[in-house]
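So you can see what is in the structure, the chains are spelled out below.
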Number of protein chains: 2
Amino acid sequence: MVKPGTDQEEAARIVARYDLIELPVVDDKGKLLGAITVDDVIDVIVKESGEDLLKLAATVKVTAPYLAAKITDLVKKRVLWLIMLCLVEVVVAFIISSFEKVISATIALAFFIPLISSTGGNSGVQTSTLVIRGLATGELSLRDLLRILVKESMVSTLLGLVISPFLFALSFAVTFQLWVSIILALAIIIIIFVVNLMGGIMPLFVAKIGIDPATISAPLVTTVADAIGLTIYFLVAVLVLG
Amino acid sequence: MVKPGTDQEEAARIVARYDLIELPVVDDKGKLLGAITVDDVIDVIVKESGEDLLKLAATVKVTAPYLAAKITDLVKKRVLWLIMLCLVEVVVAFIISSFEKVISATIALAFFIPLISSTGGNSGVQTSTLVIRGLATGELSLRDLLRILVKESMVSTLLGLVISPFLFALSFAVTFQLWVSIILALAIIIIIFVVNLMGGIMPLFVAKIGIDPATISAPLVTTVADAIGLTIYFLVAVLVLG
């Protein structure tokens, strides 16, 4: 039984878990107000999962079918996200500009900026997706913070140690620059470690302040991972080359 | 009614569309073999939508709950994706390295590499997500290719024209370099146009060759958008500065 104020995703989860055909809705005194049928539930699940997909893709719900949607509507729904993400990337540009000296001295460092962004972002999103899924199924909560941190520390150390020599070899094959390859190999271990911990923590705190972590975590994690990853990369470069 | 060989997602879609409680399964002669009940369908939808989310996040299904999963299993499931994406980014590094001359002459170009990657990628994924959704609901098919291209041409021209002056102002505020800001403003219009057309076409062709476009399109579109976007950016730089 659920109360009238219950979130539709929560009600859907109950019906799905217990294979119900109908879920009674009752008021505080236990009086029957109506029922949620199983086909309502399917509609909710289909709608919500579609919305979650769209949110991950940094776009907004377009109510009309694609071919019928007005061009200006499509632009309006998409432009805000793009401008917001541009704004963040201008901050990233500002961070990189503060390492101008080391970049001019070793131009090859710039070649691997996309690799650092994308590996950090992908790795962080992997962790946050696993944690978001754990939150959604009710397996994880804020109390598991320490256990998640311990687990991710070990997973990301291993990931870093596997990827690092591989990256060293590849980057050396492209640039023939030993120091750049050493910087990459060192930086990637630190980046994967830091970004994975962040990807594990962020959904928990976003959920804690009452926001659905599936809504914002992927773009948020990717962007923060970008900034953190590049900062670590260029700091390692300054330490190694300076 | 469905046949025994019908895909479970397809069967789930029929039940959802017609609000059925049961869907009979019949053989070729119309003999009743059994029925799919509505709670089977909910299980399928929940499972498939969770899998789609994981695929978008470039990770693989972890069968055990997060806290119970073995560390080595988590590493194994994640490392392959990270190495594959690293490999592609090494190709991107190679592309950037071919523009070494223009980058050394104007270091500030390097500051905006993440912005170009991310704006191209985000914009392309927006388009591909809209098209994938259209394919999933059955609204779009390969026959709509031309209509999608026409629509995306208009949407992306508008998007480019809105974002370009905004980006010009922001980048000038960060670098005080007029030519770099002009290059960015020009390049972003071309990049959004090309990448959106690609994001619209790619899911159609992936679906055509029999692969579920939701499975691979997001990482694929982002990565291809990276390579295309940066190539356009540096080509514009060479044309403007050379």
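Residues numbered from 1 in each chain as written. Chains lettered and ligands numbered in written order. Predicted model: local features only at pLDDT ≥ 70, side-chain atom pairs only at ≥ 80, totals over all residues. Heavy atoms only, no water.

Draft legend 1. Focus on the overall build of chain A. Scanning chain A for helices and strands turns up nine helices and two strands. Mapped from its N terminus to its C terminus, chain A presents α and β elements in the order α-β-β-α-α-α-α-α-α-α-α. Scored against the burial criterion, the 242 residues of chain A give a buried share of 52%. Taking all contacts inside chain A whose residues are at least 6 apart in sequence as the whole, residues at least 24 apart take part in 65%. If you sum the accessible surface of chain A, you get close to 10,600 Å²; carbon and sulfur atoms cover 68% of it. (Helix = DSSP H or I, 4+ residues; strand = E, 2+ residues; numbered from the N terminus. Buried < 20%, exposed > 50% of the residue type's maximum accessible area, 1.4 Å probe, protein only. Contact = heavy atoms within 4.5 Å. Areas by Shrake-Rupley, 256 points an atom, 1.4 Å probe, with all protein chains shown as cover.)

Draft legend 2. Looking closely at the pattern of salt bridges. According to the stated counting rule, one finds six salt bridges over all chains in the structure shown. Put simply, Asp73 of chain A and Lys76 of chain A hold a salt bridge, and the shortest N to O gap is 4.0 Å. With a gap of three residues between them, Asp73 of chain A and Lys76 of chain A both fall in helix α3 (residues 71-97), about one helical turn apart. With relative accessibility at 32%, the residue Asp73 of chain A sits in the partly exposed group. For Lys76 of chain A, a relative accessible area of 59% puts it in the exposed group. The partner of Arg78 of chain A in a salt bridge is Glu152 of chain B, and the shortest N-O contact between them spans 3.4 Å. Of this pair, Arg78 of chain A sits in helix α3 while Glu152 of chain B is found in helix α7 (residues 145-175), placing the two residues in two different chains. Its relative accessible area of 1% is what places Arg78 of chain A among the buried residues. (Salt bridge = Lys/Arg side-chain N within 4 Å of Asp/Glu carboxyl O.)

Draft legend 3. Fine view of helix α6 (residues 113-136) of chain A. Residue and element names in this part refer to chain A. Between its first and last C-alpha atoms α6 spans 34 Å; for 24 residues at 1.5 Å apiece the expected length is 34 Å, and the two agree. Most of α6 is tucked away: 20 of the 24 residues are buried. In the segment just after α6, Gly138 is the residue with positive phi, at about 85 degrees. (Expected span 1.5 Å × (residues − 1).)

Draft legend 4. Layout of the pairing of strand β1 (residues 22-26) of chain B. Residue and element names in this part refer to chain B. Pairing analysis gives five bridges linking β1 to strand β2 (residues 32-37), with the strands arranged antiparallel. When the bridges of β2 are listed, Glu22 appears paired with Thr37. What sits between β1 and β2 in their antiparallel hairpin is a turn of five residues, with Gly30 showing a positive phi close to 85 degrees. (Pairing = 2+ DSSP bridges.)

Draft legend 5. View of the packing of α3 of chain A against α7 of chain B. Taken N-terminus to C-terminus, the directions of α3 of chain A and α7 of chain B make an angle of 30 degrees; their axes are 9 Å apart at the nearest point. The angle between the axes of α3 of chain A and α7 of chain B places the two elements in the roughly parallel class. Relative to α7 of chain B, α3 of chain A is oriented so that their crossing is right-handed. Between α3 of chain A and α7 of chain B, the contacting residues are Ile71, Leu74, Val75, Arg78, Val79, Leu82, Ile83, Cys86, Leu87, Val90 and Phe94 of chain A on the first element and Lys151, Glu152, Met154, Val155, Leu158, Leu159, Val162, Ile163, Phe166, Leu167, Leu170 and Val174 of chain B on the second. Considered class by class, the residues forming the contact of α3 of chain A with α7 of chain B number 20 nonpolar, no polar and three charged. (Axes fitted to C-alpha atoms, helices over the stretch in contact; angles between N-to-C directions. Parallel < 35°, antiparallel > 145°, perpendicular 65-115°, else oblique. Left-handed = near helix turned anticlockwise from the far one by under 90°. Nonpolar A, V, L, I, M, F, W, Y, C, P; charged D, E, K, R; others polar.)

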